[in-house]
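Geometric and topological summary
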Amino acid sequence: EVQLVQSGAEVKKPGESLRISCKGSGYSFTSYWINWVRQMPGKGLEWMGRIDPSDSYTNYSPSIQGHVTISADKSFSTAYLQWSSLKASDTAMYYCARLYYYDSQGAFDIWGQGTMVTVSS
Amino acid sequence: QSVLTQPPSASGTPGQRVTISCSGSSSNIGSYTVNWYQQLPGTAPKLLIYSNNQRPSVVPDRFSGSKSGTSASLAISGLQSEDEADYYCAAWDDSLWVFGGGTKLTVL
């Protein structure tokens, strides 16, 4: 079964660091981009960025760039989303999603179950 | 403020046909294909329509998509109670993916 399994919920304080993970299985992990999508409480979906696991090339949304780091370890078929200094406004559900190229742009065909990050003092 | 514009809500009765619109611009919908996602309450989004009007094999043919110019729409026919969910359109926009703000569909 093709799936993405994310790490569990996190509760952190402002200023703390955090890394959450997304492990792919059932397919060739290095053949598909992994994307990260944020959903703040009660809000819509927001694309944060993506990584090509074959060479760790990344793209970020301009609104996110500089605040998070996306990385991957292809030997573990795992992608990561990392913060060095969390803010209360980072409180959200974070999803990873695989980009499948049905056409030249593709679509997010497989999604992780989500990781809830709560940042509160 | 989302780059793609969707109505915040839509509703219909069982068996009815409803449509959800998604409006963009020349840099996104006008240049690239549109995808639609369904998010049932408390769950991760699921791919519903890709490449404007194609359905993954697991998606019922009650769901259909179309695109014209800088706008797209999702149609759901034979509405069922289990279709109550949030629906999002998405498209590539030169260097990033953009989503609509989402439409909450209520089955009355």
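Look above for the structure.
I will try to describe carefully the structure that is included in this document.

Cut-offs applied
Residues numbered from 1 in each chain as written. Chains lettered and ligands numbered in written order. Predicted model: local features only at pLDDT ≥ 70, side-chain atom pairs only at ≥ 80, totals over all residues. Heavy atoms only, no water. Disulfide = S-S within 2.5 Å. Helix = DSSP H or I, 4+ residues; strand = E, 2+ residues; numbered from the N terminus. Buried < 20%, exposed > 50% of the residue type's maximum accessible area, 1.4 Å probe, protein only. Pairing = 2+ DSSP bridges. Axes fitted to C-alpha atoms, helices over the stretch in contact; angles between N-to-C directions. Contact = heavy atoms within 4.5 Å.

**Overview of the state of the cysteines**
Counted under the stated rule, the structure contains two disulfides over all chains. One disulfide in the model links A:Cys22 with A:Cys96; its S-S distance is 2.0 Å. Judged by the sign of its S-S torsion, about 80°, the cystine formed by A:Cys22 and A:Cys96 is right-handed. Pair noted here: A:Cys22 is in strand β3 (residues 18–25) and A:Cys96 is in strand β9 (residues 92–100), with a separation of 74 residues, a long-range link. The exposure classification of A:Cys22 matches that of A:Cys96, with both residues buried. Each sulfur in the disulfide pair B:Cys22 and B:Cys89 lies 2.0 Å from the other. When the S-S torsion is 75°, as for the bridge of B:Cys22 with B:Cys89, the disulfide is right-handed. Remark: B:Cys89 occurs in strand β7 (residues 85–93) and B:Cys22 occurs in strand β2 (residues 18–23); sequence separation between them is 67 residues.

**What about the pairing of β7(B)?**
All names here are of chain B. Burial analysis of β7 places eight of its nine residues in the buried class, which makes it a mostly covered element. Where strand β3 (residues 34–39) and β7 come together, six bridges link them in antiparallel fashion. Bridging across to β7, Asn35 finds its partner in Ala90. Across three bridges, the pairing between β7 and strand β9 (residues 103–107) is antiparallel. Looking at β9, one finds that Asp86 is bridged to Lys104. Hairpin remark: β7 followed by strand β8 (residues 96–99), antiparallel, with two residues in the connecting loop; positive phi at Asp94, about 65°.

**Details of the sheet that holds strand β5 (residues 63–68) of chain B**
Residues and elements named next belong to chain B. Ordered in space as β2-β6-β5, the three strands form an open sheet in which the pairing is antiparallel. Lying at the two open borders of the sheet, with one neighbouring strand each, are β2 and β5. The average angle at which neighbouring strand axes cross in this sheet is 20°, direction not considered. In this sheet, strand β6 (residues 71–76) lies alongside β5 in antiparallel orientation, the contact comprising six bridges. Directly across from Ser64, in β6, lies its bridge partner Ala75.

**Considerations on the environment of B:Asp83**
All names here are of chain B. Positionally, Asp83 belongs in the loop between β6 and β7. It is 8.1 Å that separates the C-alpha atoms of Asp83 and Leu40, two residues lying 43 residues apart in sequence. Non-local contacts of Asp83, meaning those with residues more than four positions away in its chain, are made with Gln38, Arg62, Phe63, Ile76, Gly78, Leu105 and Val107.

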